[in-house]
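Examining the three-dimensional arrangement
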Amino acid sequence: MPDTGAPATPGPEEDVVDLLLAQHAQVEQLFLLVIGSTGDTRRGAFDDLVKLLAAHETAEEEVLHPLARTLPGGGGDAMVDDRLDEERQAKETLKTLIAGGVDADGFDTGIILLREAVLTHARYEERYEFPLLRQHVPAGRLRSLATAVRAAEATAPTRPHPSTQSAKGNLAAGPALAVLDRFRDAIRKPSQS
């Protein structure tokens with residue numbers, strides 16, 4: 001199975017919006033794979049989904065949302081606060097699904113509800129935040145922000161942490177949580193083989 005949890009391959013003119021749109025598509029594909037599969041395939045797809053969502057949201061919280069707060073004509077703080085609330089709720093649901101595992105009672109319902117919430121959140125970003133970024137941020141800066149997002153994702157936790165939901169919170173606690181998450185991931189791999 002290809003690793004669809006990896007960040008999109010950068011193109012020469014890829015900007016942060018292109019990168020995040022590609023990741024939204026990857027998230028949607030992974031949800032479909034989780035929902036439509038069983039056993040080890042489902043477990044692997046769910047693990048990939050969790051890692052992608054954790055890295056993606058961390059990068060948005062560190063890079064995208066602080067910038068979006070400063071943009072004219074978009075409701076700035078209120079728009080970002082709405083997205084952060086959606087992310088917090090999704091992280092709480094995801095933590096519950098992780099704790100129970102893919103074989104738990106209620107997982108099927110939970111993953112469908114999570115998919116709906118995450119994809120609705122993504123559509124709001126695509127409809128409101130992304131157009132404002134393209135309208136108000138120079139193309140060169142949008143390209144450099146794609147690099148910043150990839151860097152943030154490379155050091156992001158691999159599990160959701162609802163309490164670290166701001167750029168400051170992620171920068172303060174994120175590296176320690178990332179080390180802890182990656183250690184837990186390494187321990188779990190051999191036992192799942």
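Position numbers for residues count from 1 along each chain, tracking the sequence in the order it is written. In view of the model being predicted, local features appear only for residues whose pLDDT reaches at least 70, and side-chain atom pairs are presented and counted only at 80 or more, with totals across whole chains, interfaces and linings using the full set of residues. Note that the side-chain values use all heavy atoms of the structure and ignore hydrogens as well as water.

Some remarks on empty space enclosed by the protein
Detection works on a 1 Å grid of protein atoms alone, calling trapped sets that fit a 1.4 Å probe cavities and calling open sets with protein on both sides within 12 Å along at least five of seven lines pockets, with lining residues defined by an atom within 4 Å of a point. Grid points are joined across faces, edges and corners, and a volume is the space filled by probe spheres set on the points. Counted under the stated rule, the structure contains 3 cavities of 30 Å³ or more. The space that makes up the largest cavity amounts to roughly 130 Å³. Glu57, Glu87, Ala90, Lys91 and Val118 are, among the 13 residues lining the largest cavity, the residues nearest its centre. Going through the elements one at a time, helix H2 (39–68), helix H3 (76–100) and helix H4 (107–136) are the ones with two or more residues in the lining of the largest cavity. Counting from the N terminus, the helices are DSSP H or I runs at least four residues long and the strands are E runs at least two residues long.

A word on H3
The span one expects for a helix is its residue count, reduced by one, times 1.5 Å. The terminal C-alpha atoms of H3, which comprises 25 residues, lie 37 Å apart, in line with the 36 Å expected from a rise of 1.5 Å per residue. Those residues of H3 not exposed but buried are Gly76, Met79, Val80, Arg83, Leu84, Glu86, Glu87, Ala90, Lys91, Leu94 and Leu97. For this analysis, residues touch if any pair of their heavy atoms sits within 4.5 Å. Structurally, H3 contributes buried residues whose contacts are with H2 and H4. Once H3 finishes, Gly101 follows within two positions and takes phi at roughly 85 degrees, a positive value. When a residue's accessible area, from a 1.4 Å probe over protein chains only, is under 20% of the maximum for its type it is buried; when over 50% it is exposed; and in between it is partly exposed.

Things to note about the packing of H3 against H4
For helices, the fitted line uses only the C-alpha atoms of the stretch in contact; every axis is such a line through C-alpha atoms, and the angle between N-to-C directions lies from 0 to 180 degrees. Look at H3 against H4: their axes get within 10 Å of each other, and the N-to-C directions meet at 160 degrees. The pairing of H3 with H4 is recorded here as roughly antiparallel in orientation. Crossing geometry of H3 relative to H4 is assigned as left-handed. Where H3 approaches H4, its residues Met79, Val80, Arg83, Glu86, Glu87, Ala90, Thr93, Leu94 and Leu97 are matched on the opposing element by Phe107, Gly110, Ile111, Leu114, Val118, His121, Tyr124, Glu125, Tyr128, Glu129 and Leu132. In terms of residue class, the contact of H3 with H4 is made up of 12 nonpolar, 3 polar and 5 charged. Relative orientations are named as follows: roughly parallel for angles under 35 degrees, roughly antiparallel for angles over 145 degrees, roughly perpendicular for angles from 65 to 115 degrees, and oblique for any other angle. A crossing counts as left-handed when the near helix is turned anticlockwise from the far one by less than a right angle, and as right-handed when that turn is clockwise. Charged residues are taken to be Asp, Glu, Lys and Arg, nonpolar residues to be Ala, Val, Leu, Ile, Met, Phe, Trp, Tyr, Cys and Pro, and polar residues to be all remaining types, Gly included.

Re the side chain of Arg42
Mapped onto the elements, Arg42 comes out in helix H2. At 2.8 Å, the side chain of Arg42 forms a polar contact with the side chain of Asp108. When neighbours within four sequence positions are excluded, Arg42 is seen to be in contact with Val34, Ile35, Ser37, Val102, Phe107 and Asp108. Whenever a nitrogen or oxygen atom comes within 3.5 Å of another N or O atom, the pair is scored as a polar contact, on the condition that within protein one atom can donate a hydrogen and the other can accept it, and that pairs from neighbouring residues in sequence are kept only if both atoms are in side chains.

Focus: the packing of H2 against H3
Geometry of a packed helix pair, given as the angle between the helix axes and the separation of the axes. H3 packs onto H2 with a crossing angle of 160 degrees between their chain directions and a minimal axis gap of 11 Å. By the angle between their axes, H2 is roughly antiparallel relative to H3. Both H2 and H3 take part in a crossing whose hand is left-handed. Between H2, through Phe46, Val50, Leu53, Glu57, Glu60, Glu61, His65 and Ala68, and H3, the contact on the second element is made entirely by Gly76, Met79, Val80, Arg83, Leu84, Glu87, Lys91, Leu94, Leu97 and Ile98. Residues belonging to the contact of H2 with H3 are distributed by class as follows: 10 nonpolar, 2 polar and 6 charged.

Examining the confidence of the model for the chain
Values of pLDDT, the confidence the predictor places in each residue, fall between 0 and 100. Residues of the chain with pLDDT of at least 70 account for 76%, and the chain-wide mean is 81. Between the elements of the chain, mean pLDDT differs from a low of 44, seen in helix H6 (residues 167–192), to a high of 96, seen in helix H1 (residues 16–36). pLDDT under 50 marks residues 1–10. Its contacts with residues more than four places away, or in other chains, come to 22 contacts. Below pLDDT 50 for its whole length, residues 166–188 participates in 34 contacts with residues either more than four positions away or in separate chains.

Observations concerning the pattern of salt bridges
The rule for a salt bridge is simple: a side-chain nitrogen of Lys or Arg has to be within 4 Å of a carboxyl oxygen of Asp or Glu. Tallied over the full model, the rule gives 14 salt bridges. Note that Asp77 is salt-bridged to Arg69, the shortest N-O span being 3.0 Å. Classification of Arg69 by relative accessible area gives partly exposed; the value is 30%. Across the pair Arg88 and Asp85 runs a salt bridge, and its minimum N-O distance is 2.9 Å. In this pair, Arg88 and Asp85 are both assigned in helix H3, 3 residues apart and thus about one turn of the helix distant. Residue classification places Asp85 among the partly exposed residues on the basis of a relative accessible area of 34%. One network of salt bridges, with partners in common, ties together Glu28, Arg115, Arg123 and Glu126.

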